[in-house]
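Listed here are the chains, written in short residue letters.
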Amino acid sequence: MTNPSPTNTLPSNFIRAVIEKNIESNRFAEKKWNGKPGDKSHHNKGSIDKAKIRTRFPPEPNGYLHIGHAKSIFLNFGLAKDYNGACHLRFDDTNPEKENEEFVKGIIDNIKWLGFDWNFNNDSNLYYASDYFELMYSAAESLIHSGQAYVDKQTAEQIKNSRGTLTTPGKDSPWRENQPAENLKLFKEMKLGKYEDGAMVLRAKINMASPNMNLRDPAIYRIKHAKHHKTENQWCIYPMYTFAHPIEDALESITHSICTLEFEDQRPFYEWLLKQLLKNDLLNEPLPKQYEFARLNLTYVVLSKRRLIELVEKNLVNGWDDPRMPTLIGAKRRGYTPEGFKLFTERIGVSKADSWIDYSTLEDCMREVLNESSNRRVAVLDPLKLVINNLPEEFEEDCLAPNHPKKPELGKRTIKLTKELWIEKADFMEEPEKKYFRLFPGNQVRLRYGYVVTCTGCEKDKDGNIIKVLCEYLPNTKSGTPGSDSVKVKGNIHWVSTKYALDAEVSLYDRLFKTEHPGKKSENYLDDINLESVKKIKIKLEENLVNIEPSDQYQFERHGYFICDQESTSENLKINRTVTLRDTWK
RNA sequence: UGGGGAGUCGCCAAGCUGGUUAAGGCACAUGGUUUUGAUCCAUGCAUGCGAAGGUUCGAAUCCUUCCUCCCCAGCCA
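Since the model is a prediction, treat every value here as computed from it, not as a measurement.

Conventions and cut-offs
Residues numbered from 1 in each chain as written. Chains lettered and ligands numbered in written order. Predicted model: local features only at pLDDT ≥ 70, side-chain atom pairs only at ≥ 80, totals over all residues. Heavy atoms only, no water. Core = buried A, V, L, I, M, F, W, Y, C linked by side-chain atoms within 4.5 Å. Buried < 20%, exposed > 50% of the residue type's maximum accessible area, 1.4 Å probe, protein only. Helix = DSSP H or I, 4+ residues; strand = E, 2+ residues; numbered from the N terminus. Near = heavy atom within 4 Å. Polar contact = N/O pair within 3.5 Å; in protein donor to acceptor, adjacent residues only side chain to side chain. Axes fitted to C-alpha atoms, helices over the stretch in contact; angles between N-to-C directions. Parallel < 35°, antiparallel > 145°, perpendicular 65-115°, else oblique. Contact = heavy atoms within 4.5 Å. Nonpolar A, V, L, I, M, F, W, Y, C, P; charged D, E, K, R; others polar. Pairing = 2+ DSSP bridges. Left-handed = near helix turned anticlockwise from the far one by under 90°. 1 Å grid on protein atoms, 1.4 Å probe; cavity = no way out; pocket = protein on both sides within 12 Å on 5 of 7 lines; lining within 4 Å. Points joined across faces, edges and corners; volume = space filled by probe spheres on them. Domains from an automatic or database assignment. Phe/Tyr/Trp six-rings, centres within 6.5 Å; stacked < 30°, edge-to-face > 60°. Expected span 1.5 Å × (residues − 1). Salt bridge = Lys/Arg side-chain N within 4 Å of Asp/Glu carboxyl O.

### A short note on the nonpolar core
Inference 1: Residues Ile111, Leu114, Leu298, Phe341, Phe344 and Leu362 are the most contacted members of the largest nonpolar core, which totals 41 residues.
Inference 2: Elements represented by at least two residues in this core include exactly α3 (67-82), β4 (86-91), α4 (101-113), α11 (328-334), α12 (338-348) and α13 (359-373).
Inference 3: Of all hydrophobic cores here, the second largest spans 40 residues; its members include Tyr137, Ala139, Leu202 and Leu283.

This is the structure in structure tokens:
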């Protein structure tokens, strides 16, 4: 127990356990790979696969990727990397009505952003389910031929009604006993466009009384006269996920097909299909195997595609990349980083238990990464004027501030100290509460990187609002000089010169939903939306930020982490708050 | 009341072919450092593994019964 072996740093989870066992037992030792996906005859012409394992990330290009996908991406690509294997990016584009190129491009960008690619041993493993339509059609034909699929002319409604319920068996379709020859003919006619959408469907012939609903003769091909983003009008019949996915995995020689828990009931069909196609000589052993893990649930967040689409379409957010969105493009614009997501996925682990991760866990990960990587700057978010009375009007002095407190190699920058400064309203209290140690009459604080000052009072307008705080500085207490420690103070406040400060607009984001589990108690998750999830304010920045550009990230000291927005211009600086610093006071 | 899964500290999560005092992370608490009430460092944090029985010298790990939660009846994925 007292030997924490430094080599054993890989996390432990049930999927890694399976992989390690498989590798140890040489399950894939004879597996062939012929440079690209294909059926048995294709791969048999290849050689032993150099990839020890093959995983895949199979998004449907019908929306943007979200944080839940990040978990799957780090899992699949991470596993491949750790075990000297390949991870394919495969677009599961079997439903032309919902899919398009915009989403394909967005998904590719997101995965690259997270730091992954799909190259292995000179192969670019970027595939589309639609690449396999021809092979899938042949597979369907072979199934019909061997009597394991039939064309059903019932309407969708009739099929639904004859499926039975969870506790009662379904009824056989009147077309179930049609002969292969007839089915083959009809299926071909379906393909040729002889029938309208919905006129008939190809079904697997398994068992209408199965306690597993997925085995009650599931539909595997449907008619859709729709233009596909890749194959255009070449097809008017399209395979269903159920049928397509196992075949995609097999053709790509996937070893571990990792998906989420809701597909668990689908696994018997997955295995049934592959076994039939193996028998029909279309596929090789070893066949891919499906493993399921619990999808990510984050408190205060919705992660279902349907809901995200609704938020966008109802203009409840400003598009897919709204910084409040849990999409990867939204998170990126918010200032969340790939390293932060990596830490997050490592921290939450992988298992089969349904779980809800606290949103603060994600924020903590971002803080942890950003604390390390961000240069520091000063910004006053809620400005109040501070006047140093014992300084002449034109006083100007450079103050040296390190770019990073723990990384002196990153150097320092200078900030101009002048007689009039902007400080935070919250850093002054005329009548301090208990334990408050910032500015109040009679108290001393340090102007960070500058001098210690003594507060002498404040001025108010006729309504009693504090409009100006007054103080006097203590010579010889400047930061970095020998006398700087001569006066000990507990408070340390930041400031910017009223003369040199830059103006900017900052968007302060809060969670998009008010409740931990949106929609759980309120029936409709939209009722739980937080109407005050963004607040835009005018702030003052230190002069060194004059050249800040979109995507630049900084820590604004004592506030948090911020990123320059993509719409920012030098005339109109726009900044997003990524996450605040931890605050244990109050 | 069919089938498939899951229940280990506030949140995750190892362990689960039975064997000393139940890993680890996060959170939290208390000290210390600190010119960010941040960071960092140190220490603490489950006689308990959904519950009840049982087997055993010994059980989170095996058996029995029960409880709770999640998923499945798209020509979606």
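### Some remarks on unusual backbone geometry
Inference 1: Residues Glu285 and Pro286 are joined by a peptide bond in cis, for which omega reads -5°.
Inference 2: One can find Pro286 in the loop between α9 (267-279) and β13 (289-293).
Inference 3: With phi around 60°, Asn26 is a residue other than glycine that occupies positive phi space.
Inference 4: Structurally, Asn26 is set in the loop between α1 (14-24) and β1 (32-33).
Inference 5: Judged by relative accessible area, Asn26 falls into the exposed class, the value being 53%.
Inference 6: In this model, Asp281 sits at a positive phi of 70°, which is unusual for a non-glycine residue.
Inference 7: Here Asp281 lies in the loop between α9 and β13.

### Let's talk about the protein's contact with RNA strand B
Inference 1: Neighbouring RNA strand B are 66 residues; Ile348, Ser351, Arg376, Lys406 and Ser479 lie closest to it.
Inference 2: Among all atoms of RNA strand B positioned within 4 Å of the protein, those belonging to sugar or phosphate total 65%.
Inference 3: In the environment of RNA strand B, a base nitrogen lies 3.1 Å from a nitrogen or oxygen atom belonging to the backbone of Pro211.
Inference 4: Only α6 (156-161), β10 (219-223), α12 and α13 provide two or more residues apiece to the surface near RNA strand B.
Inference 5: Looking at the surface near RNA strand B element by element, the count peaks at 3 residues for α6.

### Notes on the packing of helix α5 (residues 133-145) against α9
Inference 1: Two numbers describe how α5 lies on α9: the axes approach to 10 Å, and their chain directions differ by 85°. What the angle tells us is that α5 and α9 run roughly perpendicular. Two secondary-structure elements touch here, α5 through Ala139, Ser142 and Leu143 and α9 through Trp272, Leu273, Gln276 and Leu277.
Inference 2: Partitioning the contact of α5 with α9 into residue classes produces 5 nonpolar, 2 polar and no charged.

### A closer look at the sheet that holds strand β8 (residues 149-152)
Inference 1: Taking strand neighbours across the sheet as the criterion, the 4 strands line up as β8-β9-β10-β11 in an open arrangement whose pairing is antiparallel. One side of each edge strand has no neighbouring strand; the edge strands of this open sheet are β8 and β11 (237-239). Strand-to-strand twist of the sheet, defined as the mean angle between neighbouring strand axes without regard to direction, takes the value 20°.
Inference 2: By the bridge criterion, 4 bridges tie β8 to strand β9 (residues 201-204) in an arrangement that is antiparallel. From the neighbouring strand, Tyr150 faces β9, where its bridge partner is Arg203.
Inference 3: Lying over the sheet, α5 contacts β8, β9, β10 and β11, oriented at roughly 120° with respect to β10.

### Observations regarding the packing of α12 against α13
Inference 1: Packing of α12 against α13 brings their axes to within 8 Å, and their N-to-C directions diverge by 130°. As summarised for this structure, α12 and α13 are arranged oblique, according to the angle between their axes. The crossing of α12 and α13 is right-handed. In this structure, α12 contributes Glu339, Gly340, Phe341, Leu343, Phe344 and Arg347 to the contact, and α13 contributes Thr361, Leu362, Asp364, Cys365, Met366, Glu368 and Val369.
Inference 2: Within the contact of α12 with α13, the residues separate by chemical class into 7 nonpolar, 2 polar and 4 charged.

### Quick notes on the side chain of His229
Inference 1: Structurally, the position occupied by His229 is in the loop between β10 and β11.
Inference 2: With a relative accessible area of 16%, His229 lands in the buried category.
Inference 3: Of note is the side chain of His229, whose polar atom sits 2.9 Å from the side chain of Asp93.
Inference 4: A polar atom in the side chain of His229 sits 2.6 Å from the side chain of Glu101.
Inference 5: Once you skip the residues sitting within four places of it in the chain, His229 turns out to touch Pro61, Asp93, Glu99, Asn100, Glu101, Val104 and Tyr128.

### A few points about the layout of surface pockets
Inference 1: As a volume, the largest pocket reaches approximately 930 Å³.
Inference 2: Pro58, Glu60, His69, Phe263 and Lys305 are, among the 33 residues lining the largest pocket, the residues nearest its centre.
Inference 3: Mapped onto the lining of the largest pocket, the elements with two or more residues apiece are β3 (54-57), α3, α8 (241-251), β12 (256-260) and α10 (305-313).
Inference 4: A per-element tally of the lining of the largest pocket places α3 first, with 4 residues.
Inference 5: Quantified by volume, the second largest pocket comes out at close to 530 Å³.
Inference 6: Considering the residues around the second largest pocket, the lining is formed by 19 residues, among which Asp427, Arg438, Arg558, His559 and Asp583 are closest to the centre.
Inference 7: Residue composition of the lining of the second largest pocket, grouped by class: 7 nonpolar, 3 polar and 9 charged.
Inference 8: When residues of the lining of the second largest pocket are sorted by domain, at least three fall in each of domain 2 (305-375 + 504-580) and domain 3 (379-494).

### A short note on the side chain of His43
Inference 1: Note that His43 resides in helix α2 (residues 40-44).
Inference 2: Within polar-contact distance, the side chain of His43 engages the backbone oxygen of Lys36 at 3.2 Å.
Inference 3: Among residues more than four places away in sequence, those in contact with His43 are Lys32, Trp33, Asn34, Lys36, Pro37, Gly38, Leu251 and Ser253.

### What to know about the packing of aromatic side chains
Centre-to-centre distance and the angle between the planes together describe a pair of aromatic rings.
Inference 1: Throughout the structure, instances matching the rule amount to 21 aromatic pairs.
Inference 2: Each ring, one from Phe133 and one from Trp235, has its centre 6.0 Å from the other, and the planes form 75°; the classification is edge-to-face. Of this pair, Phe133 sits in helix α5 while Trp235 sits in the loop between β10 and β11, placing them 102 residues apart in sequence. As far as the burial class goes, Phe133 and Trp235 line up, both buried.
Inference 3: Measuring from ring centre to ring centre gives 6.0 Å for Tyr436 and Trp585, while their planes differ by 55°; the resulting arrangement is tilted. Here Trp585 lies in the segment after β29 (574-580) and Tyr436 lies in the loop between β19 (420-424) and β20 (444-447), a separation of 149 residues in the sequence.

### Topic: the sheet that holds β19
Inference 1: Read across the open sheet, the 7 strands follow the order β23-β20-β21-β22-β16-β19-β24; overall the sheet is mixed. Edge strands, defined here as strands with exactly one partner in the open sheet, are β23 (491-493) and β24 (496-497).

### Structural notes on α3
Three or four residues apart is the spacing at which side chains of an α-helix point the same way, because the helix has 3.6 residues per turn.
Inference 1: Here α3 spans 22 Å end to end across 16 residues, near enough to the 22 Å set by a 1.5 Å rise per residue.
Inference 2: Burial of α3 is extensive: 14 of the 16 residues sit out of reach of the surface.
Inference 3: Just past α3, the residue Asn84 takes up positive phi, approximately 60°.

### Let's talk about the pattern of salt bridges
Inference 1: On inspection of all chains with the given rule, the structure shows 46 salt bridges.
Inference 2: In this structure, Arg367 engages Asp364 in a salt bridge whose closest nitrogen and oxygen atoms are separated by 2.9 Å. Taken together, the positions of Arg367 and Asp364, both in helix α13 and 3 residues apart, correspond to about one turn of that helix.
Inference 3: Using a relative accessible area of 14% as the deciding quantity, one classes Arg367 as buried.
Inference 4: For Lys416, the salt bridge is made with Asp398, and the minimal N-O distance between the two is 2.7 Å. Of this pair, Lys416 sits in strand β18 (residues 412-418) while Asp398 sits in strand β17 (residues 396-402), and the two are 18 residues apart along the sequence.

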